[in-house]
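Examining the three-dimensional arrangement
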Amino acid sequence: MTTIHGEVAAGFEPVSDAFAENFSQHRDIGAAVCVYHHGRPVVDLWGGVADAETGRPWTRDTLQLVYSATKGATATAAHMLAERGVLDLDAPVATYWPEFAANGKADIPVRWLLSHVAGVIALDQPVPLDEALAWHPMTAALAAQRPLWTPGTAHGYHGRTWGWLVGEVIRRVSGRTPGRFFAEEIAAPLGLDFFIGLPVAERGRVSRMSYQRPAVDLTTIPAESVPEELRDVVAAWRDPNSFSNRAFAVTDPAEIDFDSPEVQAAELPSSNGIGTAHALARMYAALIGEVDGVRLLAPETLKAATKEQAAGKDQVMLIPSRFSSGYMLSTESTPMTGPTSFGHTGRGGSLGFADQEHGVAFGYAMNNIISGSDDVRAASLVEALRKSLE
């Protein structure tokens, strides 16, 4: 039985119970969960092992790569620049990044990059991974790339390209890389243990990931045996030229080892943020209110930042999705606590979000990356949070 460490305020015990059940019933190996309520932490828990190979325990200070939950941190940086008046989200990207105007992209506004409607989801020619990690070769390739649909007419998850696209705008406007801007303007004022571009000195605190494949690989069974509601998705998975595959194949090789020191040290603002669940929750808490004297965005800025920009069938994920300017919004398949929630999920289960109506902010990070719809860990924690709020 996994020992759970940390603190839970009275009334939030259902979250603690759900967290323990994630270890006993839902295959968590090492994990942490944190909830802020009206600016103060009410749940801060961790347990399990940070490295299944060595048995190194998960501690309060263990760092975890959270994949696309990073996008919420990067989006926050962009909105801070907009609030300061140095970035106009409705101005063409080319205003700040002239090279981006190539191949029919001159009129794409910055907001369309944030909300996944620009159509720049893939590259005709993937960039060697070492060059992509060096930043500029990838942004040059994206500047030259043609959109894969008419920008503004559809939305599709820019799973990998989003980080370089939005990150390059941040770099051009602020004069700082997105990781440095986040470190100086967001992490430092709030004391966040979270990095986009991991310092070498922090490497020893990072958890090692484990990967669990679905019990049934739908791509290996006859098409007629696939449930009808999943046939479009499975067909896309089987097609190497589909948007679903191309969006995650922008480097050569397409598969990226996110455990490698080189990848963790690079800045991938869409997918390699490394930090604690507490840092995720604290950042979102500072978006909806004041945390120890710090508020990241003014209420009017936050209202604009969380306004729906795209909704409906996603051209990449082939399921319904909703996006504001950079944040995911609640759907049936996105576990959040209500219609005013906004945040971002990450591959395999990680999640950070805030709910303005209930005054809560949530962070969950774990090292057992589970693929497929049978992963209920984040959803179980969020459901327990709902019960606590009731």
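You'll find the structure just up there.
The structure contained in this document is the topic of the report that follows. The written sequence of each chain sets the order in which its residues are numbered from 1. Note on the predicted model: pLDDT of at least 70 is required for a residue's local features to be given, and 80 or more for side-chain atom pairs to be given and counted; whole-chain, interface and lining totals, by contrast, use all residues. Only hydrogens and water are set aside when side-chain values are computed; all heavy atoms of the structure are taken into account.

Once that is clear, we can look at the overall build of the chain. Secondary structure summary: the chain contains 13 helices and 17 strands in total. Our radius of gyration looks at C-alpha atoms and nothing else; its globule reference is 2.2 Å times the residue count to the power 0.38. Taken against the 2.2 N^0.38 rule, which gives 21 Å for 390 residues, the C-alpha radius of gyration of the chain at 20 Å falls within 12% of a compact globule. By principal-axis analysis of the C-alpha atoms, the chain measures approximately 55 × 55 × 40 Å. Of all 390 residues assigned to the chain, the portion counted as buried reaches 55%. Whether two residues are in contact is decided by their heavy atoms: any pair within 4.5 Å suffices. Put simply, of all contacts in the chain between residues at least 6 apart along the chain, 67% involve residues at least 24 apart. Only the protein chains shown count as cover for residues, and the accessible areas themselves come from Shrake-Rupley with a 1.4 Å probe. For the chain, the accessible area works out to roughly 15600 Å², and carbon and sulfur atoms hold 51% of it. The averaged location of the 46 negative side-chain charges in the chain is 2 Å from the averaged location of its 31 positive side-chain charges. The helix and strand labels rest on DSSP assignments: H or I over at least four residues marks a helix, E over at least two residues marks a strand, and numbering proceeds from the N terminus. Accessibility here uses a 1.4 Å probe with only protein chains present; expressed as a share of the type maximum, an area under 20% marks a residue as buried, one over 50% as exposed, and anything in between as partly exposed. Charge assignment in this entry is limited to Lys and Arg as positive and Asp and Glu as negative, and neither His nor the chain termini are counted. For this purpose, a charge sits on NZ of Lys, CZ of Arg, CG of Asp or CD of Glu.

Stacked, edge-to-face and tilted are the three classes for Phe, Tyr and Trp ring pairs, Trp counted by its six-membered ring, which pair at centre distances within 6.5 Å; planes under 30 degrees apart are stacked, over 60 edge-to-face, the rest tilted. Scanning the model with the defined rule gives 11 aromatic pairs in all. Ring centres of Y67 and F258 lie 5.0 Å apart, and the angle between their planes is 65°; on these two criteria the pair is classed as edge-to-face. Of the two residues, Y67 sits in the loop between strand 5 (64-65) and helix 2 (70-83) while F258 sits in the loop between strand 9 (251-252) and helix 10 (261-265), which places them 191 residues apart along the sequence. Overall, Y67 belongs to the buried group, its relative accessible area being 4%. Arranged with centres 5.7 Å apart and planes meeting at 50°, the rings of W149 and F243 form a pair that is tilted.

Right, let's talk about the sheet that holds strand 5 for a bit. Strands are treated as partners if at least two bridges between them are detected by DSSP. As summarised here, the arrangement of the three strands in space is 5-10-7, forming an open sheet in which the pairing is antiparallel. At either end of the open sheet lies a strand with only one pairing partner, and these are strand 5 and strand 7 (194-195). Relative to strand 10 (residues 274-275), strand 7 runs antiparallel, the two sharing two bridges. Along strand 10, the bridge assignment pairs F195 with I274.

With that settled, the discussion passes to the pairing of strand 11 (residues 310-313). In this sheet, strand 12 (residues 320-323) lies alongside strand 11 in antiparallel orientation, the contact comprising four bridges. Each bridged residue has a counterpart across the sheet, and for K313 the counterpart in strand 12 is P320. Between strand 11 and the antiparallel strand that follows it, strand 12, lie six residues; L318 among them carries a positive phi value of about 60°.

The next thing to look at is helix 7 (residues 178-190). Working rule for helices: expected span equals 1.5 Å times residues minus one. Helix length check: helix 7 (13 residues) gives 17 Å between terminal C-alpha atoms against 18 Å at 1.5 Å per residue, within 8%. Two axes enter the definition of the bend at a residue: one is fitted to the seven residues ending there, the other to the seven starting there, and the bend is the angle between them. The largest bend in helix 7 is about 30°, located at E184. Along helix 7, the residues classified as buried are P178, G179, F181, F182, I186, A187 and L190. Of the surrounding secondary structure, the elements contacted by the buried residues of helix 7 are helix 2, helix 6 (161-174), strand 7 and helix 11 (277-288). At the C-terminal side of helix 7, G191 shows a positive phi close to 65°.

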